[in-house]
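Examining the three-dimensional arrangement
This is what each chain is made of:
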Amino acid sequence: MTSPPPPPGCPAHTPPPYRSGPSVAARLYGPDFAARPEAVYQALRALGPVVWVDLAPETPALLVVDYAACLEVLRDAGRFSKDSRRWQALNQGQVPPDSPALALMAWRPSALFTDGPEHARLYTAITDSLGQLDPHVLHDTVIACCEPLVEEFGPRGRADLVTDFAIRVPGRVLARLFGCPEDVGARMVRGVGGLIDATGARAQAASQDLSACLAGLVALKRDRPGDDLTSWMLQHSAGLSDREMVDQLVLLVGAGTVPTAGWIASGLKLMLGDPRFAGTLKRGTVPVQAALDEVLWRNAPMANFSIHYAIEPTTVGGTPVPAGVPLVVSHASSNLQTHRLYGKTVAHNRAHLAWSAGPHACPAQDPATAITKTAIETVLDRVPGMRLTVRDEDVPYRPGPFHRTPASLPVAFAPVQPSARFGDHP
Ligand code: HEM
């Protein structure tokens, strides 16, 4: 049997030996992978349900690329732990301390890295508090965060919808939902921006400043509670300490910003660049939800994550998996594999793994959907007639294994004067 040729970024068939152990089938970083991840996933699925990849230079992991195998990992908390202190190569000093993968994988005392009852306690405090958000207030909050951004770029007649809009919306919305006073909110947004864009010492400094800023917010809300997420989490029967509160707020803002920005940007790309959606836009009917569903299936904003560690040597989908190796769930690969089974009928179909599954599934699915949908509707409504100034297929994506986010989305439009547009929202 002859195999298809490996795509760029995927030296799949004669993989070089990786150190003394695994053979790495693909690199999930760099421009080649960012340009054509679908081809890499397809080639990896041909090799098996679980394959060795590099997440960054000298940072190997096992990628679970098959849908059923992903569910096997996500649903078996008895065999697989989220605690990255089990990562043997890291503990043995084999992972470079400046590996960019560490920004998301290094252990922190948050729900993301806990298991069992400890996780349930933190997760319930988060989900119950998110459940208290009033959808109408959230809707108005998102519009209030989007309008100043549109006001800034509207008069120019051109914009980059990633840097001028998508990447800036989630942090601003979360700052308001947390009940941040204006100066604290601005500092939080700066801290998150630093985490996203900086590396090494600058990222570390941004992370420290973000924690310090959120510690100030927790102290403020203990003293003077308000009608906001921070106060609801503090009042929750789980009884979170101040330290635990800061760690969960860092998780919320860290986990919420990039995937939501990616979803907004990919949704806008589809609405503006795909004739199926661009056509409906011209007719004035805007099926944003259908575009958002399609993004979750075809371009999962958290492409590869939900990292687990086998507690004992085991198998996944029949493939041997050693203990203490990062087992990365490919939401993107399993969605692309399954998407084909559903053909064109993915709108409203929620069998995808874009939100993950099992005990660690994203607790913010409803608010994240509301933020994304309202942000897209607002910018399309306030800036009519936007058109992409690059071909849809030339839109670049941010490199890296975990997120799927356009790097820029340049558009042009007839300049919008703020005074002409912004008086009409209550
Ligand atoms: C307001 C925006 C968001 C917030 C506040 C948020 C918050 C969180 C939190 C706190 C977790 C950790 C849950 C746990 O480990 O128990 C999480 C997990 C997750 N979220 Fe979200 N999220 C947001 C948006 C999104 C979006 C837009 C996506 C992609 C469509 C997404 C995908 C995921 C996935 C795949 C996980 C599982 C991660 C893992 O287990 O390693 N999230 N989210």
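Here the structure is shown first, and the text comes after it.
Calculation criteria
- Residues numbered from 1 in each chain as written.
- Predicted model: local features only at pLDDT ≥ 70, side-chain atom pairs only at ≥ 80, totals over all residues.
- Heavy atoms only, no water.
- Helix = DSSP H or I, 4+ residues; strand = E, 2+ residues; numbered from the N terminus.
- Contact = heavy atoms within 4.5 Å.
- Areas by Shrake-Rupley, 256 points an atom, 1.4 Å probe, with all protein chains shown as cover.
- Donors = N, O, S within 2.8 Å, 3.2 Å for Na, K, Ca; no water.
- Buried < 20%, exposed > 50% of the residue type's maximum accessible area, 1.4 Å probe, protein only.
- Pairing = 2+ DSSP bridges.
- Axes fitted to C-alpha atoms, helices over the stretch in contact; angles between N-to-C directions.
- Core = buried A, V, L, I, M, F, W, Y, C linked by side-chain atoms within 4.5 Å.
- Near = heavy atom within 4 Å.
- Polar contact = N/O pair within 3.5 Å; in protein donor to acceptor, adjacent residues only side chain to side chain.
- Domains from an automatic or database assignment.
- Parallel < 35°, antiparallel > 145°, perpendicular 65-115°, else oblique.
- Left-handed = near helix turned anticlockwise from the far one by under 90°.

Counting its secondary structure elements, the chain contains 18 helices and 11 strands. Within the chain, counting contacts between residues at least 6 apart in sequence, those at least 24 apart form 70% of the total. Accessible surface computed for the chain: about 18700 Å², of which carbon and sulfur atoms make up 55%.

No other protein atom reaches the iron atom of the ligand as a donor apart from Cys 362 (SG), found 2.4 Å away. Summarising the element assignment, Cys 362 is placed in the loop between helix H16 (331-342) and helix H17 (365-382).

Another aspect to go through is unusual backbone geometry. Of note, the phi angle at Ser 306 is positive, near 45°, even though the residue is not glycine. Mapped onto the secondary structure, Ser 306 falls in strand E6 (residues 304-310). Looking at Ser 306, the relative accessible area reads 7%, which means it is buried. We note that Ser 356 has phi near 70°; this positive angle belongs to a residue other than glycine. By the secondary structure assignment, Ser 356 is in the loop between H16 and H17. Residue Ser 356 is classed as buried on the basis of its relative accessible area of 13%.

Moving on, we come to the sheet that holds strand E3 (residues 59-64). Whether parallel or antiparallel, the strands of a sheet pair through hydrogen bonds between backbone atoms. Strand order across the open sheet formed by 6 strands is E1-E2-E3-E9-E6-E4, with mixed pairing between neighbours. The open sheet has two edge strands with one neighbour each: strand E1 (26-27) and strand E4 (80-81). Pairing geometry for E4 and E6, over 2 bridges, is antiparallel. Bridging from a neighbouring strand, Phe 80 pairs with Ala 310 of E6. Contacts between helix H2 (residues 37-47) and the sheet are confined to E1, strand E2 (50-56), E3, E6 and strand E9 (326-330), with E2 contributing the most and set at about 140° to the helix. The sheet strands contacting helix H3 (residues 67-74) are E3, E4, E6 and E9, and the helix crosses E9 at an angle near 130°.

A word on the nonpolar core. The biggest cluster of nonpolar side chains holds 77 residues, and the ones touching the most others in it are Leu 161, Phe 165, Phe 178 and Met 188. Residue contributions to this core peak at 14 residues, all from helix H13 (residues 242-273). Each residue touching Phe 178, except ones within four places of it in the same chain, is listed here: Met 188, Leu 214, Leu 217, Lys 221, Asp 228, Leu 229, Thr 230, Leu 249, Leu 252 and Val 253. Of all hydrophobic cores here, the second largest spans 29 residues; its members include Leu 28, Val 51, Leu 55 and Leu 336.

This paragraph deals with the site of the ligand. Near the ligand lie 28 residues; those nearest to it are Lys 82, His 119, Ser 306, His 360 and Cys 362. Take Lys 82: an N or O atom from its side chain is 2.7 Å from an oxygen atom of the ligand. One of the backbone N or O atoms of Ser 306 is found 3.2 Å from an oxygen atom in the ligand. Of all the secondary structure elements, the ones that give two or more residues to the shell around the ligand are helix H6 (116-131), H13, E6 and H17. When residues of the shell around the ligand are assigned to their parent elements, the largest contribution, 7 residues, is made by H13. Of the domains in this structure, domain 1 (1-106 + 303-353) and domain 2 (115-285 + 358-401) are the two that each give at least three residues to the shell around the ligand.

The next thing to look at is the packing of helix H7 (residues 135-153) against helix H9 (residues 169-177). Where H7 contacts H9, the axes come no closer than 9 Å and their chain directions differ by 135°. The angle between the axes of H7 and H9 places the two elements in the oblique class. In this structure, the crossing between H7 and H9 has a hand that is right-handed. Every residue of H9 that contacts H7 at Leu 138, Thr 141, Val 142, Ala 144, Cys 145, Cys 146 and Leu 149 is listed here: Val 169, Arg 172, Val 173, Arg 176 and Leu 177.

The next thing to look at is the pairing of E9. Counting buried positions along E9 gives 5 out of 5 residues, so the element sits mostly inside the fold. Alternating positions in E9 separate into two faces, Pro 326, Val 328 and Ser 330 on one and Leu 327 and Val 329 on the other, with burial throughout. Examined bridge by bridge, E3 and E9 share 3 bridges and lie parallel to one another. Among the inter-strand pairings, Leu 63 is bridged to a residue of E9, identified as Val 328. Strand direction decides the pairing type here: E6 and E9, joined by 4 bridges, are antiparallel. Across the sheet, residue Tyr 309 finds its bridge partner in E9, namely Pro 326.

Turning next to the side chain of Ser 99. Along the chain, the position of Ser 99 falls in the loop between helix H4 (88-91) and helix H5 (102-105). On the accessibility criterion, Ser 99 (5% relative accessible area) is buried. Among the polar contacts made by the side chain of Ser 99, one reaches the side chain of Thr 59 at a distance of 2.8 Å. For Ser 99, the residues in contact, after removing those within four places along its chain, are Ala 56 and Thr 59.

Below, the discussion takes up H2. Here H2 has its buried residues at Pro 37, Ala 39, Val 40, Tyr 41, Ala 43, Leu 44 and Arg 45. Trailing H2 by a residue or two, Gly 48 shows a phi angle of about 150°, which is positive.

Let us now look at the sheet that holds strand E5 (residues 158-160). Spatial ordering of the open sheet is given by E5-E11-E10, a layout of 3 strands whose pairing is antiparallel. Of all strands in the sheet, those bounded by a partner on one side alone are E5 and strand E10 (387-388). Pairing between E5 and strand E11 (residues 410-412): 3 bridges, direction antiparallel. Within E11, the position partnered with Ala 159 by the bridge is Val 411.

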